Amino acid sequence: HSFAAERQLRIEERPFTIEEALAAKEAFITSATVFVQAVVTIDGKTIANGKPGPMTNRLREIYVDFARATAV
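All figures in this text were calculated on a predicted structure; none of them were measured in a lab. (Residues numbered from 1 in each chain as written. Predicted model: local features only at pLDDT ≥ 70, side-chain atom pairs only at ≥ 80, totals over all residues. Heavy atoms only, no water.)

Our focus in this paragraph is helix α3 (residues 54–70). An ideal rise of 1.5 Å per residue puts 24 Å on 17 residues; α3 measures up with 24 Å between its terminal C-alpha atoms. Buried within α3 we find T56, L59 and I62. All buried residues of α3 lie within an arc of 130 degrees about the axis, which places them on one face of the element. Residues of α3 that are exposed and point more than 90 degrees away from the buried face comprise P54, R68 and A69. Check the buried side of α3 and you find it contacts α1 (2–6), β1 (27–31) and β2 (35–39). (Helix = DSSP H or I, 4+ residues; strand = E, 2+ residues; numbered from the N terminus. Expected span 1.5 Å × (residues − 1). Buried < 20%, exposed > 50% of the residue type's maximum accessible area, 1.4 Å probe, protein only. Arc of directions from axis to C-beta. Contact = heavy atoms within 4.5 Å.)

Bringing the pairing of β2 into the picture now. Across five bridges, β1 lies against β2 in antiparallel orientation. Opposite F28, over in β2, you have A38 as the bridge partner. Hairpin connection between β1 and β2: a loop of three residues separates the two successive antiparallel strands. (Pairing = 2+ DSSP bridges.)

Spelled out as structure tokens, the structure:
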């Protein structure tokens, strides 16, 4: 979250239902291995337009820029 907070992006972490996820404008997962990865389908059902959204893309850029800047 600190990357998002530093850039004044609002992030909410909480339990959610599949219905909420399917109704989302965009969805993503994060981990040390995938950084920020778009989720475009759940159980074969498309989320939004089925493409990574602008927030997902921006958070991935922020994370990758940070990783490059701190690489030894």
